[in-house]
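In case you want the letters, here they are:
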Amino acid sequence: MPGKVAKIGTFSDWEGMFNDWRKDIGVNTADIEAFHFDTLYGAIDTEEIEFGSYKGRRKWENLRQIPTQQMRDALMNMIVYQGDTEFASVEQQRNLLENAPTDWDRRAITRVMIEEMRHGWQMCALLVDHFGYSGKVEAQKMLERRAFENKRLLGAFNVDVDNWMDFFTYTDFVDRDGKFQLQMLKYSAFAPLGRSMSYMLREEAFHMGTGNDGLRRIVEAGVIPGWLIQKYFNKWISSSYDLFGTDHSSSAHWAYVWGVKGRYNEPKNEHAPDLDDLNDYNRNLYRDEVAGLIERFNGALKPGQPKLYAPHIKFNREIGRWAGQKFHAQTGEELDDRAYAAHLKEYMPSAEDKKLLLEIIGTEKKWIAEKTGARDPLASIGEVRKSAINL
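A. Looking closely at the overall build of the protein chain. The helix and strand tally for the protein chain stands at 12 helices and 2 strands. Along the chain direction, N to C, the helices and strands of the protein chain fall in the order α-α-β-α-α-α-α-α-α-α-α-α-α-β. In terms of overall size, the protein chain behaves like a compact globule, its C-alpha atoms giving a radius of gyration of 21 Å where 391 residues would be expected to give roughly 21 Å. Projected onto its principal axes, the C-alpha positions of the protein chain cover 60 × 50 × 45 Å. Within the protein chain, the proportion of its 391 residues that are buried is 56%. Residue pairs at least 24 apart in sequence account for 77% of intrachain contacts in the protein chain once pairs closer than 6 positions are excluded.

Next up, the structure:
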């Protein structure tokens, strides 16, 4: 952080920056303005460290209890990256508030944005409360980066989410990666981080449900062609594969050894971990879950339409062992340069595809099926917090 000076001394100072950020990016609607943001801590399954070299010892409540500076730095880095994605997603989706397909969808995206902001708030509270001067600087920087200026820390969080197909696919699949990351952090040996995850995970469930149900409504309506839906699946799911991190990651290796971040299914997994393959292990669990969800959509397709699918884990990768290599989106078959260039036009959204999509959304009133029997998203937003430990 050369030359970076903290402008904040307390979390109240950070709150002032947070309020300014909301206004600056243009999302401070009446509903968002009226929401009371706070820091929420829930229960953790056990007070003992659950894996790694410190397994069986009591979880750490503050930085002084963490054995080495290297471990503290790794922990802070994870919190920074998690928080950065939360604020980034709001910036990515900010232009969709005024063109929602229904009033329910407008209120649903408002809730999604509110809860993503609260998740970023939670991560910044940890930084300010536990990580001293460095934490305050990082919490400040979180509100200074902008997704629409390509300054967020992970590439997928600098991409525009500027139509409702993007939004539903993003919340179903990118937020599902978020669920995996939050669950892995819930097992952390740093107890305040684990306690933070309880309510973030409950809130994340609404985001994934909104996306999944939106995609189901699109498939059921049968107006947007399946091949176009598939292109958006290929776009966002392949990006989500990368979000699990590189293969053979030393960072993931040591995060596990130190007890900072576990496997997605850690408490149920009785097998010793392959420390050289942790990211890919979780990535494959994610793909299996996504593939199962997409298979459900296929039951709503009109007869004769090609089945939807999760793209192959090698397709369109930018990090890891498959980065920059050329594979078929469905089969994983290796392609030469010429065949791959043609393949991308057929399997990834183009400018012409986006134009067609926007024409359909703009002219076809029934491009998405009605939302029926659902409660007002903003009326039920507080229910998840009723048993929170509010500190």
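B. View of helix α7 (residues 191-221). The first and last C-alpha atoms of α7 sit 46 Å apart over 31 residues, in line with the 45 Å expected at 1.5 Å per residue. Ser198 marks where α7 bends most, by close to 25°. Of all 31 residues in α7, 26 are buried, a share of seventy percent or more. Taken from the residues just after α7, Gly222 is the one with a positive phi, measuring 70°.

C. Highlighting the packing of helix α8 (residues 226-242) against helix α10 (residues 278-298). The contact between α8 and α10 brings their axes to 10 Å, and the two run at 160°. The angle between α8 and α10 falls in the class roughly antiparallel. Between α8 and α10 lies a crossing of right-handed hand. Contacts from Phe233, Ile237, Ser240, Tyr241 and Asp242 of α8 reach α10 at Arg283, Tyr286, Arg287, Val290, Ile294 and Phe297. Looking at the contact of α8 with α10, its residues break down into 7 nonpolar, 1 polar and 3 charged.

D. Structural view of the packing of helix α3 (residues 69-93) against helix α4 (residues 103-130). At a minimum axis separation of 8 Å, α3 and α4 run at an interaxial angle of 155°. In this view, α3 runs roughly antiparallel relative to α4, as classed from their interaxial angle. The hand of the α3/α4 crossing is left-handed. Counting all contacts with α3, which are made through Met76, Ile79, Val80, Gln82, Gly83, Glu86, Phe87, Ser89, Val90 and Gln93, the residues of α4 involved are Ile109, Val112, Met113, Glu116, Met117, His119, Gly120, Trp121, Met123, Cys124, Leu126 and Leu127. Taken together, the residues of the contact of α3 with α4 sort by class into 14 nonpolar, 6 polar and 2 charged.

E. Looking closely at the packing of aromatic side chains. Across all of its chains, the model carries 29 aromatic pairs by this definition. On the basis of an interplanar angle of 65° and a centroid distance of 4.9 Å, the ring pair of Trp164 and Phe167 is categorised as edge-to-face. Of this pair, Trp164 and Phe167 both sit in helix α6 (residues 164-186), 3 residues apart, which is roughly one turn of the helix. You'll find Trp164 and Phe167 in the same group, each marked buried. An aromatic cluster of three or more residues is present, and its members are Phe11, Trp14, Phe18, Trp21, Phe35, Phe37, Phe87 and Trp121. Taking NZ or CZ as reference, Arg111 lies 4.0 Å from the ring centre of Phe206, over its face.

F. Region of the structure containing the environment of Glu383. Looking at where Glu383 falls in the secondary structure, it is placed in the loop between α12 (351-363) and β2 (389-390). Take Glu383: its relative accessible area is 37%, and that puts it in the partly exposed class. For the pair formed by Glu383 and Ala74, sequence separation is 309 residues and the distance between their alpha carbons is 34 Å.

G. Examining the side chain of Ser89 more closely. With respect to the element layout, Ser89 can be found in helix α3. Once residues lying within four places of it in the same chain are set aside, the contact partners of Ser89 are Glu116 and Tyr170.

H. Looking closely at the pattern of salt bridges. Under the defined criterion, the tally for this structure stands at 37 salt bridges. For Arg107, the salt bridge is made with Asp31, and the minimal N-O distance between the two is 4.0 Å. One end of the pair, Arg107, is in helix α4; the other, Asp31, is in helix α2 (residues 30-34), and 76 residues separate them in sequence. According to the relative accessible area criterion, Arg107 is buried, its value standing at 18%. Several salt bridges share partner residues, and in doing so they unite Asp24, Asp84, Glu91, Arg145, Arg146 and Arg152 into one network.

I. Seen up close, the side chain of Asn298. Here Asn298 shows up in helix α10. Non-local contacts of Asn298, meaning those with residues more than four positions away in its chain, are made with Lys307 and Leu308.

J. Quick peek at helix α1 (residues 11-25). With 15 residues, α1 ought to run about 21 Å at 1.5 Å a step, and its terminal C-alpha atoms sit 21 Å apart, in line with that. Buried-residue contacts for α1 involve α2, α3, α4 and α5 (132-142). Immediately downstream of α1, the backbone of Gly26 shows phi near 85°, a positive value.

Cut-off values and rules
Residues numbered from 1 in each chain as written. Predicted model: local features only at pLDDT ≥ 70, side-chain atom pairs only at ≥ 80, totals over all residues. Heavy atoms only, no water. Helix = DSSP H or I, 4+ residues; strand = E, 2+ residues; numbered from the N terminus. Rg over C-alpha atoms; globule rule 2.2 N^0.38 Å. Buried < 20%, exposed > 50% of the residue type's maximum accessible area, 1.4 Å probe, protein only. Contact = heavy atoms within 4.5 Å. Expected span 1.5 Å × (residues − 1). Bend = angle between axes of the 7 residues up to and from the residue. Axes fitted to C-alpha atoms, helices over the stretch in contact; angles between N-to-C directions. Parallel < 35°, antiparallel > 145°, perpendicular 65-115°, else oblique. Left-handed = near helix turned anticlockwise from the far one by under 90°. Nonpolar A, V, L, I, M, F, W, Y, C, P; charged D, E, K, R; others polar. Phe/Tyr/Trp six-rings, centres within 6.5 Å; stacked < 30°, edge-to-face > 60°. Lys NZ or Arg CZ within 6 Å of the ring centre and 35° of its normal. Salt bridge = Lys/Arg side-chain N within 4 Å of Asp/Glu carboxyl O.

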